[in-house]
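What follows is the residue order along each chain.
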Amino acid sequence: MLLYNREGLINNNIIFYKTGGGTDMAKRCAVCGKEPVAGNSVAHSKKTTRRWWKPNVHKVKSILDDGSVKRINVCTSCLKAGKVKRA
Ligand SMILES: [Zn+2]
């Protein structure tokens, strides 16, 4: 059973938007809320640079609980687990 609000999200998690960062809505899963996370890329010399890990998000047509069809952003692990009813 999936719950969507107006933004197509399942919960009310607070989203932090960093300017110039990777937390854009197009890279956020509408089912599980998976979104880009930041960290360090560590070279062999231990020199670190900032980097982002982005989820594998695809835009798919989905049948919502009220029967309407909408294009939502879903990560591939939710697609593989069958959490989205494809239209
Ligand atoms: Zn997901």
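Predicted, not measured: the structure shown is a model, and the values here were computed from it.

Some remarks on the overall build of the protein chain
No. 1: Of the regular secondary structure elements, the protein chain holds 1 helix and 4 strands.
No. 2: The linear arrangement of helices and strands in the protein chain, starting from the amino end, is β-β-β-β-α.
No. 3: Counting only residues that meet the buried cut, the protein chain has 15% of its 87 residues in that class.
No. 4: Pairs at least 24 residues apart make up 38% of the contacts formed inside the protein chain by residues separated by at least 6 positions.

Notes on the pairing of strand E2 (residues 48-53)
No. 1: Counting buried residues in E2 gives 0 out of 6 residues, a small share hidden from the surface.
No. 2: Where strand E1 (residues 37-42) meets E2, 6 bridges bridge the pair, whose relative direction is antiparallel. The residue bridging Ser41 from the neighbouring strand is Thr49, located in E2.
No. 3: Here E1 hands over to E2 after 5 residues, with Lys46 in that stretch at a positive phi of 70°.

Quick look at unusual backbone geometry
No. 1: Backbone geometry places Lys46, a non-glycine residue, at a positive phi of 70°.
No. 2: Checked against the element boundaries, Lys46 lands in the loop between E1 and E2.
No. 3: When the 6 C-beta atoms within 10 Å are taken as the criterion, Lys46 is described as exposed.

So, how was this worked out
For every chain, the first residue of its written sequence is number 1, and the numbers climb from 1 along that sequence. pLDDT decides what is reported in this predicted model: residues at 70 or higher carry local features, side-chain atom pairs at 80 or more are listed and counted, and totals for whole chains, interfaces and linings draw on all residues regardless. Runs of H or I in DSSP of at least four residues are treated as helices and runs of E of at least two as strands, each being numbered from the N terminus. Each residue is classed by its C-beta neighbour count within 10 Å, where at least 20 other C-beta atoms makes it buried, 12 or fewer makes it exposed, and intermediate counts make it partly exposed; the C-beta atoms are placed from backbone geometry. Distance between backbone-placed C-beta atoms decides contact: two residues are in contact if it is within 7 Å. Strands are labelled as partners when DSSP assigns at least two bridges between them.

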